[in-house]
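Structural overview for review
One letter stands for each residue in the lines below.
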Amino acid sequence: MTHSFCILPSRRALLRAAALALSLQAGGAALAQSPWPAKPIRLVVGFPAGGSTDVMARVVGAAVGKSLGQPVVVDNRPGASGNIAAAETIKSAPDGHTFMVAPISVQTANPFLFRPALNPERDLRPVASLGHAQLYLVVKKDLRARTATELVAMAQAAPGKLSYGSGGAGTQMHLVGELFKQQAHVDVVHVPYKGAAPALQDVLAGQIDYYFDPASGIAHIREGRARLLAVTGAKRSPFFPDAPTLTELGIKGVELGNWFGVFAPAAVPAEITARLEKEIAKAMLQPDVRLRFADLGTEPIVQDAETFRKTIAAETRLLSALIKERNLVVD
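Residues numbered from 1 in each chain as written. Predicted model: local features only at pLDDT ≥ 70, side-chain atom pairs only at ≥ 80, totals over all residues. Heavy atoms only, no water.

1. Focus on the overall build of the protein chain
Note the threshold: Each helix is a run of DSSP H or I of at least 4 residues and each strand a run of E of at least 2, with the numbering of both proceeding from the N terminus. Categorising residues by exposure relies on relative accessible area from a 1.4 Å probe, with only protein chains included: less than 20% of the type maximum marks a residue as buried, more than 50% marks it as exposed, and the intermediate range marks it as partly exposed. Residue-level accessible areas treat just the shown protein chains as cover; the underlying method is Shrake-Rupley with a 1.4 Å probe.
Secondary structure assignment for the protein chain yields 13 helices and 10 strands. When the 331 residues of the protein chain are sorted by exposure, 49% land in the buried category. Accessible surface computed for the protein chain: about 16,100 Å², of which carbon and sulfur atoms make up 57%.

Structure, rendered in structure tokens:
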């Protein structure tokens, strides 16, 4: 005869198991409710100190840090149009203490321009936008064209004779320049520089015919050292309301500007990014923050994470098609 035995746990063992379960549950709850931020927050910026992205990060970071009671430190990691900063952010611990401040081109253009490419759409999550800057079609002072329409006519009459500058291959200035060529049906020579500043200097010196200024030349425009013909975007610039948009002039489809925002590693808990989104919205209402953004030629526009994601998706569709059609690649 075969006997089977069922050994029941003792009362003491059951009590020990229950106590352990309660302990683990309490520990998990304590971890979930641990204070954030628990240490200084790092904002990784893929451009040198003093540039527009860097200034935005420092201005917003100071306001957010004051509200959260923790320092916010900017970590400049320039190079590869923001890809170095993106890689640094992606590999950081997803504990809510490292974020990236960047133009959205890191997500909308870089994956299609650089080989090998990162996958920021998978590895980074938008937190909130900080603002939007239009680009300004600026020409050398002695250029015969007095309007953007006349500039197009000049370019069409002499294919390959005019030149435009940019802050480098793959920059937003370059992509807007190519979009302008595509939509206006012109053949113009692209001259890449190492940054917007030298491109501006060569426009002022008459070495190139025009460029799409990312708001770095505002002072020169206001003081009459550079001529502004038009702006990109769906509406006129609040900083130069007398300048028409290219769309108004019949050159449709050139509405690309510069959106800037904050991004988190994809695995950062949603409650942390939601809290940071609210702190950014509060910071962007402060008059001194808005004034500093105006100095940069940027409208302080905060889009929540979902709206910002849709903005990024729309620009990605536009730029991926443009880059493919123009066969643009940055090694």
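Back to the write-up after that little detour.
2. Brief notes about the sheet that holds strand 9 (residues 227-231)
Here is the rule: Here the rule is simple: two strands pair whenever DSSP picks up at least two bridges between them. Fitted lines through C-alpha atoms serve as axes, helices being fitted only where they are in contact, and the angles separating the N-to-C directions of these axes extend from 0 to 180 degrees. Working rule for contacts: check all heavy atoms of both residues, and any pair within 4.5 Å makes them a contact.
On the basis of which strands lie adjacent, the open sheet formed by five strands has the order 7-6-8-5-9 and mixed pairing. With partners counted over all chains shown, the strands left at the sheet margins are strand 7 (189-192) and strand 9, one partner each. This sheet shows a mean twist of 30 degrees between the axes of neighbouring strands, independent of strand direction. Two elements, strand 6 (residues 163-166) and strand 7, share four bridges in a ladder whose sense is parallel. Its bridge partner lying in strand 7, Ser 163 is registered against Val 189. Against the sheet, helix 8 (residues 172-184) makes contact with strand 6, strand 7 and strand 8 (210-213), and its axis sits at roughly 150 degrees relative to strand 6, the strand it touches most.

3. Re unusual backbone geometry
Backbone torsion omega between Trp 36 and Pro 37 reads 0 degrees, so that peptide bond is classified as cis. Mapped onto the fold, Pro 37 is located in the loop between helix 1 (11-32) and strand 1 (41-45). You will see that Ala 80, though not glycine, has its phi angle at about 55 degrees, which is positive. Position of Ala 80 relative to the elements: it lies in the loop between strand 2 (72-76) and helix 3 (83-91). Classification of Ala 80 as partly exposed rests on a relative accessible area of 35%. Backbone geometry at Ser 81 places phi at a positive 55 degrees, although glycine is not the residue there. Structurally, Ser 81 is set in the loop between strand 2 and helix 3.

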